[in-house]
Amino acid sequence: MDRSLLSQKNVIEASRGLVCIRLATYENAAEVKYLEKIFRGRSGQLENTVFAMLSPGADKYLARPGRSPEWAFSGAGDMARGLKEIASRYKSTGSPEALPAMENLRLALNVAACDGMPLIVAASNNPETRKKADAFLALLAWTPSLLGKYAYAPASTPAELRAAKLPESEGILLIAPDSYGLTGKIIERWPLSENLSAVTVALEKARPTLTFSGKVARQHIQNGVRNGFSWQSLLPVTDPH
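Read on for an overview of the structure. What you see as residue numbers is a count from 1 along each chain, following the sequence as written. Restriction of local features to residues with pLDDT of at least 70 applies here, the model being predicted, together with a cutoff of 80 or more for giving and counting side-chain atom pairs; totals for whole chains, interfaces and linings are based on all residues. With hydrogens and water excluded, all non-hydrogen atoms of the structure serve as input to the side-chain values.

1. What about the overall build of the protein?
Reasoning step 1: Of regular secondary structure, the protein possesses 8 helices and 4 strands.
Reasoning step 2: Under the scheme used here, helices are H or I runs from DSSP no shorter than 4 residues and strands are E runs no shorter than 2 residues, and both carry numbers assigned from the N terminus. From first element to last, N terminus to C terminus, the protein shows the α and β order α-α-α-α-β-α-β-α-β-β-α-α.
Reasoning step 3: At 19 Å, the protein has a C-alpha radius of gyration in line with the 18 Å of a compact globule built from 241 residues.
Reasoning step 4: The principal-axis extents of the C-alpha atoms in the protein amount to approximately 45 × 45 × 30 Å.
Reasoning step 5: Throughout, exposure labels follow a simple rule: accessible area from a 1.4 Å probe, protein chains only, divided by the maximum for the residue type, with under 20% read as buried, over 50% as exposed, and the rest as partly exposed. Burial statistics for the protein: of 241 residues in total, 39% are counted as buried.
Reasoning step 6: In the protein, of all internal contacts separated by at least 6 residues, the share reaching a separation of at least 24 is 64%.
Reasoning step 7: When the accessible surface of the protein is summed, it comes to about 14300 Å², and 53% of that surface belongs to carbon and sulfur atoms.
Reasoning step 8: Between the centroid of the 29 positive side chains of the protein and the centroid of its 23 negative side chains there is a distance of 4 Å. The atom set for the radius of gyration is the C-alpha atoms, and the globule formula is 2.2 Å times the number of residues raised to the power 0.38. Residues are treated as being in contact if the distance between any of their heavy atoms lies within 4.5 Å. Per-residue accessibility takes into account occlusion by the displayed protein chains alone, with areas from the Shrake-Rupley method and a 1.4 Å probe. Just so you know, the count uses Lys and Arg for positive and Asp and Glu for negative, and it drops His and the chain ends. Taken as the charge centre is NZ of Lys, CZ of Arg, CG of Asp or CD of Glu, depending on the residue.

2. As for the environment of Gly 224
Reasoning step 1: One can find Gly 224 in helix H8 (residues 217–226).
Reasoning step 2: Remark: the alpha-carbon pair of Gly 224 and Tyr 180, spanning 44 residues in sequence, is separated by 7.8 Å.
Reasoning step 3: Leaving out residues up to four positions away in the same chain, Gly 224 has contacts with Tyr 180 and Phe 229.

3. Considering the nonpolar core
Reasoning step 1: Grouping buried Ala, Val, Leu, Ile, Met, Phe, Trp, Tyr and Cys residues that are joined through side-chain atoms within 4.5 Å yields what is termed a nonpolar core. Grouped together as the largest cluster of nonpolar side chains are 20 residues, with contacts concentrated most on Ile 120, Leu 137, Leu 140, Tyr 150, Tyr 152, Leu 174 and Leu 203.
Reasoning step 2: Where this core is concerned, the elements lending two or more residues are strand E1 (119–123), helix H5 (127–141), strand E3 (171–177) and helix H7 (196–206).
Reasoning step 3: The dominant element in this core, judged by the number of residues it contributes, is H5, at 6 residues.
Reasoning step 4: Membership of the second largest hydrophobic core comes to 19 residues, among which are Ala 112, Leu 119, Leu 166 and Leu 173.

4. A few points about the environment of Leu 54
Reasoning step 1: Mapping Leu 54 onto the fold places it in the loop between helix H2 (29–38) and helix H3 (76–87).
Reasoning step 2: Overall, the relative accessible area of 31% leaves Leu 54 in the partly exposed class.
Reasoning step 3: Spatially, the C-alpha atom of Leu 54 lies 11 Å from that of Ala 87, the residues being 33 residues apart in sequence.
Reasoning step 4: Residues within four places of Leu 54 in sequence aside, it is in contact with Tyr 34, Lys 60, Tyr 61 and Leu 62.

5. What about helix H4 (residues 105–115)?
Note that an α-helix has 3.6 residues per turn; residues three or four places apart therefore point the same way.
Reasoning step 1: The buried fraction of H4 is high, at 8 of 11 residues.
Reasoning step 2: Among all positions of H4, only Leu 105, Leu 107, Ala 108, Leu 109, Asn 110, Val 111, Ala 112 and Ala 113 are buried.
Reasoning step 3: Residues of H4 that are buried make contact with E1, strand E2 (151–152), helix H6 (158–163), E3 and strand E4 (184–190).
Reasoning step 4: Under this definition, polar contacts are N or O atom pairs within 3.5 Å; protein pairs additionally need one hydrogen-donor-capable and one acceptor-capable atom, and for neighbouring residues in sequence, both atoms have to be side-chain atoms. Two or three places before Arg 106, at the start of H4, stands the capping residue Asn 104, its side-chain oxygen 3.3 Å from that residue's backbone nitrogen.
Reasoning step 5: Backbone geometry just after H4 places Gly 116 at a positive phi near 65°.

6. With respect to the packing of aromatic side chains
Reasoning step 1: Only Phe, Tyr and Trp rings are paired, with Trp represented by its six-membered ring, and only when their centres lie within 6.5 Å; those with planes under 30 degrees apart are stacked, over 60 edge-to-face, the remainder tilted. Throughout the structure, instances matching the rule amount to 3 aromatic pairs.
Reasoning step 2: Measuring from centroid to centroid gives 5.0 Å for Phe 39 and Trp 71, while their planes differ by 70°, and the two rings are edge-to-face. Taken together, the residues span a long stretch of sequence, with Phe 39 in the loop between H2 and H3 and Trp 71 in the loop between H2 and H3 at a distance of 32 residues.
Reasoning step 3: Among the residues examined, Phe 39 registers a relative accessible area of 11% and is labelled buried.
Reasoning step 4: Of the residues examined, Trp 71 reaches a relative accessible area of 35% and is grouped as partly exposed.
Reasoning step 5: Aromatic side chains Tyr 180 and Phe 229 sit 4.9 Å apart centroid to centroid with 45° between the ring planes, which places their arrangement in the tilted category. Placement of the pair is Tyr 180 in the loop between E3 and E4 and Phe 229 in the segment after H8, with a sequence separation of 49 residues.
Reasoning step 6: By definition, being over a ring means that NZ of Lys or CZ of Arg is both within 6 Å of the ring centre and within 35 degrees of the ring normal. The ring of Trp 231 carries Arg 106 above its face, with NZ or CZ at 3.8 Å from the centroid.
Reasoning step 7: The positively charged end of Arg 207 is found above the aromatic ring belonging to Tyr 150, 5.9 Å away from the centroid.

7. A word on unusual backbone geometry
Reasoning step 1: At Ala 58, a position not held by glycine, the phi torsion is positive, near 55°.
Reasoning step 2: Of note, Ala 58 is situated in the loop between H2 and H3.
Reasoning step 3: Here the phi dihedral of Lys 165 falls at roughly 60°; this positive angle occurs in a residue that is not glycine.
Reasoning step 4: Note that Lys 165 resides in the loop between H6 and E3.

Structure (structure tokens):
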């Protein structure tokens, strides 16, 4: 995350008028092909961050694309003003309904750790139950009091929990990812039949108690190497740095 801009309160508030997408970079082949058309570094390869603002039809850029928002905006204030001005050009025709989740539990757990966020996932062996659970979590994700406070994974099977070194369980799970996003700890569980208001209230109360310490990149990498932690991305990492 670009801490100088994207973490600023005024930018976060201004972003409410846009559809924001958290990129997976080297974890999705189709996404990589699209991002390569937007920006490549001096090496000619896709680097690990890309920024773009697209029109609703994705047929034109609304700000200068590049490696980060700093390519388009001079600071947080400038970006907040720019986002509001751009959003004012378009009128919303509906409300978001899709669950804002990464492609799978493994990736969602890792991204949640990277962003310092608690993770919510619904688990069940029944495909129809998982489908309904995704719709339920989407309602949670777009509840105004919970916006941006939790990361989400798509509904998963107990076997997927086991693969992430988490206890096999069914229900709606609140997970604190470990520092490297390779596993985590289930800190709360609700039955899949729990009503929306009850889970919403519980999550509102829980969030202030869930804090994650910041990471110093060099130290984080050194500790990871020392302890044998590694992450194998779906596609080769082409960022020369």
